[in-house]
Amino acid sequence: MDFRVASTRRLSSGGSDAHSRLSFYLTAPTLEVSLEEFEQYALDRLRVLKGLEEALSRGRRSEELEALVIDLWRKYMRTSNGSDLNKDIISHFVLRLVYCRSDELRKWFLSMESSLFRNRFHSEAPDDQKRFLEDNELPYKAISTSDFESIKDKLVQVARSLNQPSPNADSTFYKVPFEEVPELVAGRKVYIHKGQAYVPSTQLTFLVAGQFRSKLSKALVLTYRKWMSVISEEESDRLAPIVEALSSRYLGPDYSQGKIKSEVALQDMDDLAKTSFPLCMRHLFFKLREEHHLKHGGRQQLGLFLKGVGLKLEDALAFWRSEFGQKMGVERFDKEYAYNIRHNYGKEGKRTDYTPFSCNKIILSTPGVGDHHGCPYRHFSEENLRAALGSMHLGVRIVDEILEKVRNRHYQVACSLTFEATHGSQTIGINHPNQYFEQSRKILQPKVPQELANDNTETTTAS
Amino acid sequence: MESSIRDRCPYKIDIGAVYNVDPAKRTAYASSGSEKVFAPVERELVFDVDMTDYDDIRFCCTGADICLKCWPLMTIAIKVLDTALREDFGFEHILWVYSGRRGVHCWVCDVKARRLTNEQRAAVAEYFRVYKGNENNTKKVSLGGSAMHPSLLRAYVEVLRPFFEDQILSNQGLLQFEERYGKLLDMIQDDGIVAQAQDRWQSSRRSSETDVSVARWKQLKNLLESGKHKGSGLRRCVEEIIFSYTYPRVDFEVSKHMNHLLKAPFCVHPKTGRICVPIDAEECDRFDPTAVPTVADLIEELNKGEASLSNVAQNQKERDISKTSLMKSIELFRTQFLNPLLKSCKADVENSYTEKLHNTQTKLDW
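About the criteria used
Residues numbered from 1 in each chain as written. Chains lettered and ligands numbered in written order. Predicted model: local features only at pLDDT ≥ 70, side-chain atom pairs only at ≥ 80, totals over all residues. Heavy atoms only, no water. Helix = DSSP H or I, 4+ residues; strand = E, 2+ residues; numbered from the N terminus. Contact = heavy atoms within 4.5 Å. Areas by Shrake-Rupley, 256 points an atom, 1.4 Å probe, with all protein chains shown as cover. Buried area = accessible area lost by both parts, 1.4 Å probe. Salt bridge = Lys/Arg side-chain N within 4 Å of Asp/Glu carboxyl O. Polar contact = N/O pair within 3.5 Å; in protein donor to acceptor, adjacent residues only side chain to side chain. Nonpolar A, V, L, I, M, F, W, Y, C, P; charged D, E, K, R; others polar. Core = buried A, V, L, I, M, F, W, Y, C linked by side-chain atoms within 4.5 Å. Buried < 20%, exposed > 50% of the residue type's maximum accessible area, 1.4 Å probe, protein only. Domains from an automatic or database assignment. Patch = residues over 30% accessible without salt bridge, like charges linked within 9 Å, V, L, I, M, F, W, Y side chains within 5 Å. Pairing = 2+ DSSP bridges. Axes fitted to C-alpha atoms, helices over the stretch in contact; angles between N-to-C directions. Parallel < 35°, antiparallel > 145°, perpendicular 65-115°, else oblique. Phe/Tyr/Trp six-rings, centres within 6.5 Å; stacked < 30°, edge-to-face > 60°. Lys NZ or Arg CZ within 6 Å of the ring centre and 35° of its normal.

**Side note on the overall build of chain B**
Moving on, step 1. Within chain B one finds 13 helices and eight strands.
Moving on, step 2. Look at the contacts in chain B between residues 6 or more apart in sequence, and 67% of them connect residues 24 or more apart.
Moving on, step 3. Total accessible area on chain B stands at roughly 19600 Å², and carbon and sulfur atoms take up 50% of it.

Pasting the structure below:
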């Protein structure tokens, strides 16, 4: 694989209509890409894949998925200068570097890319699909008319057994080794004879998607080996940091203080905690009230969250002082803890305005003994989680559903379900505790003062 | 290997997969840092049909017992699966083995079969799954659509229907008593027909005659025929009933995983002492599980018996074998299965060698 950094000279994709828009990504292109494009293209594709993941884990059906994929693709993968195909290929290969590095990453990438390909392929017109088969020289042989006649009655039987329309002289069938179409064989949805399955062209997606998957699977392992042996050394200053950061990158708004226009008053805190905080912050908040203390991890997680919610520095100091003070006295608090709070708001030291933690970061943290931070959906035992959800007045059935998601490690989906159950309305995926809070406020407090409403829409009206 | 088996004198031999790494050294590759993961590379495609999976439809025996009245269910399984594996999937090297007590094992040894992934094995096993459900639903076979899949149709016409009507009905007295025919009637979704059948049979005094099941089945078929126009629920009813009582029931988990261990042919079954002999699929109608030699029988034969002198170049081992009733089984194993398989493996090795040779030769051209 060859990534050369240079000026952004692009190879013309010449006669792009003559070839299919889809690709098996068999070989890396020898295009030249700037480092910015390298990263940006990858990020855009990642947004598509994450969007798809979200939809899949919510059990969306195939028609919805297809429409979603087309939407996502249009939203993120279009380029201003007609080099869509280049962006597609480049972004895929960059993400291959990112996601080849462990078994879990490979599995995720394989699964998402296969699903993406399947949906894109399925939505192509039949002629485009045929063109793709030709371009890629796939070994699916259409059967001749004489072959068709000799097995026609069997094909008709299969169609009728599935309550599908019977094939006629116009339908194309492909002869394919049965190993290539396990799902069709398993469901007895296809006629097989001497190890060959006779697959109608409508089932073509299965075939091609299967090929895609197996090619990508092998390629990923090879990429990993090459990365470990050659590339990561050579590229340790240039590509490696980008690649390593991409796999855990959070992709949404970062809720640093500048963007949030709403303010939060100290006396409203308890109410807000009860109604609008996600479970992780609820837990921290009430533990703080209970024990008048939180360890470092908890202070960071909750403190930055509150900053993102709109708590001003003076109010934050007052809040933490009133709690900690009850246990250790105000002087000690001012001496040992106040500095850190000011530091979080960017008023001390190197003056970095720290951003509140995203779900990703919180889920990956490792709370120890005496800690209360982390993601409850991940870090609580089932019993404790049940109790916590129960205290939010959630019914048994919804709690079971949430726990099911937790068992399958879909922590953020579990949090979304909690949101939906407590607010009685749908939400898009939760990726950040402040996003939870914002969504919640939108629902529970729909009437915003005029200035604030204008401020919130400034990004869309200003073009 | 023969000498090491003799030395260890194993109680039983189970066969699993061929792995990419010596299994004794597998822990060395367990850490995720290494590229190589201990994984199976090849393994025969296997099926396990066990009589206990049919307990809800046989009334002559229960549990681990078998007799000649229920054994036809195994015969059916062999015929249906063997034909499908050969005709539909194109496999050739298939060995059927008596499991020693109450079932049969099937070993498919073609190269293609050995290299199937777990997913593909699951697909093949699922292809044979017709009976779905548990004791909670009464109708466990659902043949939707206006026609049957060709594989099922072939099985029905060639095997299931003849066996059901000629043997199973009377062997099992399926319609003889109320508990039994009640089960069958539960599969019919037309209350009117069910009621009619029940009335006729409850009041009949013929329950002691052995062909009462056959006669009653004829009556039921007529009723169902005449009711067909009423709706699709009855359209496939006759077929669905027959499938429920006959179609092979394969153990899904055994077939699906490459790492599942299965007892080797010619082992002694620990509970019955019977030898796991191969079954000739062409002659499986005549296989009698109750006449399979036990290890005790063999010992007796070895001690007393007379070697057959028909084969001139015999060593001691062959002479011993010929003294026993196992000889026919071993002959069968060799001629029908082992020799063709060896030939095909040799051909494969030669082919891949010549291919490799050809590739290196072509690479040298520039």
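**Some remarks on the interface of chain B and chain A**
Moving on, step 1. The partner chain A presents 20 residues to the 28 residues of chain B that form the contact.
Moving on, step 2. Each partner contributes to the roughly 2100 Å² buried at the junction of chain B and chain A, and carbon and sulfur atoms together form 56% of this total.
Moving on, step 3. For the interface between chain B and chain A, the tally reads one salt bridge.
Moving on, step 4. The salt bridge partner of K194(A) is E87(B), with a shortest N-O separation of 3.7 Å.
Moving on, step 5. Applying the counting criterion to the chain B and chain A interface returns nine residue pairs in polar contact (both at pLDDT 80 or more).
Moving on, step 6. Counting residues per element, the ones that place at least two in the side of chain B that touches chain A are α2 (72-87), α4 (118-127) and α5 (150-171) of chain B.
Moving on, step 7. Broken down by element, the side of chain B that touches chain A gets its largest block of residues, six residues, from α4(B).
Moving on, step 8. Its residues assigned to classes, the side of chain B that touches chain A shows 13 nonpolar, seven polar and eight charged.

**Here we look at the nonpolar core**
Moving on, step 1. Of all hydrophobic cores here, the largest spans 143 residues; its most connected members are V208(A), F89(B), F91(B), F128(B), W217(B), L220(B) and F243(B).
Moving on, step 2. Structurally, this core is a two-domain feature, drawing no fewer than three residues from each of domain 1 (35-134 + 210-246) and domain 2 (145-203) of chain A.
Moving on, step 3. Those residues in contact with L220(B) that sit more than four places away from it in its chain are L184(B), L185(B), I188(B), I193(B), A197(B) and W201(B).
Moving on, step 4. L288(A), L306(A), A316(A) and W320(A) belong to the second-largest nonpolar core, a separate cluster that totals 53 residues.

**Thoughts on a nonpolar patch on the surface**
Moving on, step 1. A surface patch of nonpolar side chains, amounting to about 370 Å² of accessible area, comprises M1(B), I5(B), I13(B) and I15(B).
Moving on, step 2. Position of I13(B) relative to the elements: it lies in the loop between α1 (2-8) and β1 (14-15).

**Re the sheet that holds strand β3 (residues 191-193) of chain A**
Residue and element names in this part refer to chain A.
Moving on, step 1. Across the sheet, four strands lie side by side as β1-β2-β4-β3; this open sheet has antiparallel pairing. Only two strands of the sheet have a single neighbouring strand rather than two, namely β1 (141-142) and β3.
Moving on, step 2. Bridge analysis of β1 against strand β2 (residues 173-177) gives two bridges, and the strand direction is antiparallel. Of the residues in β2, the one forming a bridge with A142 is Y174.

**What to know about the packing of helix α2 (residues 62-76) of chain A against helix α4 (residues 103-122) of chain A**
Residue and element names in this part refer to chain A.
Moving on, step 1. Direction vectors running N to C along α2 and α4 enclose 95°, while the axes themselves pass 9 Å from each other. In terms of axis orientation, α2 runs roughly perpendicular to α4. Here S62, L65, E66, V69 and W73 of α2 lie close against α4, whose contacting residues are L116, N119, R120 and H122.
Moving on, step 2. Within the contact of α2 with α4, the residues separate by chemical class into four nonpolar, three polar and two charged.

**Quick look at the environment of T27(B)**
All names here are of chain B.
Moving on, step 1. Along the chain, the position of T27 falls in the loop between β2 (18-19) and β3 (40-42).
Moving on, step 2. Overall, the relative accessible area of 66% leaves T27 in the exposed class.
Moving on, step 3. Distance from T27 to F38, taken between C-alpha atoms, is 8.3 Å for residues 11 residues apart in sequence.

**Remarks on the pairing of strand β4 (residues 45-50) of chain B**
All names here are of chain B.
Moving on, step 1. Most of β4 is tucked away: six of the six residues are buried.
Moving on, step 2. As paired strands, β4 and strand β6 (residues 103-108) are joined by six bridges and run antiparallel to one another. Bridge pairing in β6 links D48 to H105.

**Description of the pattern of salt bridges**
Moving on, step 1. Considering all chains together, one arrives at 35 salt bridges over all chains under this definition.
Moving on, step 2. Note that D50(B) is salt-bridged to R102(B), the shortest N-O span being 2.8 Å. In this pair, D50(B) is assigned in strand β4 and R102(B) in the loop between β5 (94-98) and β6, connecting sequence segments 52 residues apart. With respect to class, D50(B) is no different from R102(B); both count as buried.
Moving on, step 3. The structure contains a network of salt bridges with shared partners spanning R45(A), D88(A), E113(A) and R120(A).

**Some points on the pairing of β6(B)**
Residues and elements named next belong to chain B.
Moving on, step 1. Counting buried positions over the six residues of β6 gives six, a clear majority of the element.
Moving on, step 2. By the alternation rule, side chains of β6 split into G103, H105 and W107 and V104, C106 and V108, which are all buried.
Moving on, step 3. Relative to β6, β5 runs antiparallel, the two being bridged by five bridges. In the sheet register, L95 faces β6, and the bridge partner there is W107.
Moving on, step 4. Linkage of β5 to β6, two consecutive antiparallel strands, is achieved through a turn of four residues, within which G100 is found at a positive phi near 105°.

**Quick word on the packing of aromatic side chains**
Moving on, step 1. The tally for this structure, following the rule as stated, stands at 42 aromatic pairs over all chains.
Moving on, step 2. Ring centres 5.5 Å apart and planes at 70° place the aromatic pair F319(A) and W320(A) in the edge-to-face group.
Moving on, step 3. Members of the aromatic cluster, each reached through a chain of ring pairs, are F277(A), F285(A), F286(A), F305(A), F319(A), W320(A), F324(A), F333(A), Y337(A) and F437(A).
Moving on, step 4. R129(B) extends its terminal NZ or CZ atom over the ring of F252(B), reaching a point 4.8 Å from the ring centre.

All quantities given are derived from atomic positions and should not be read as evidence of function.
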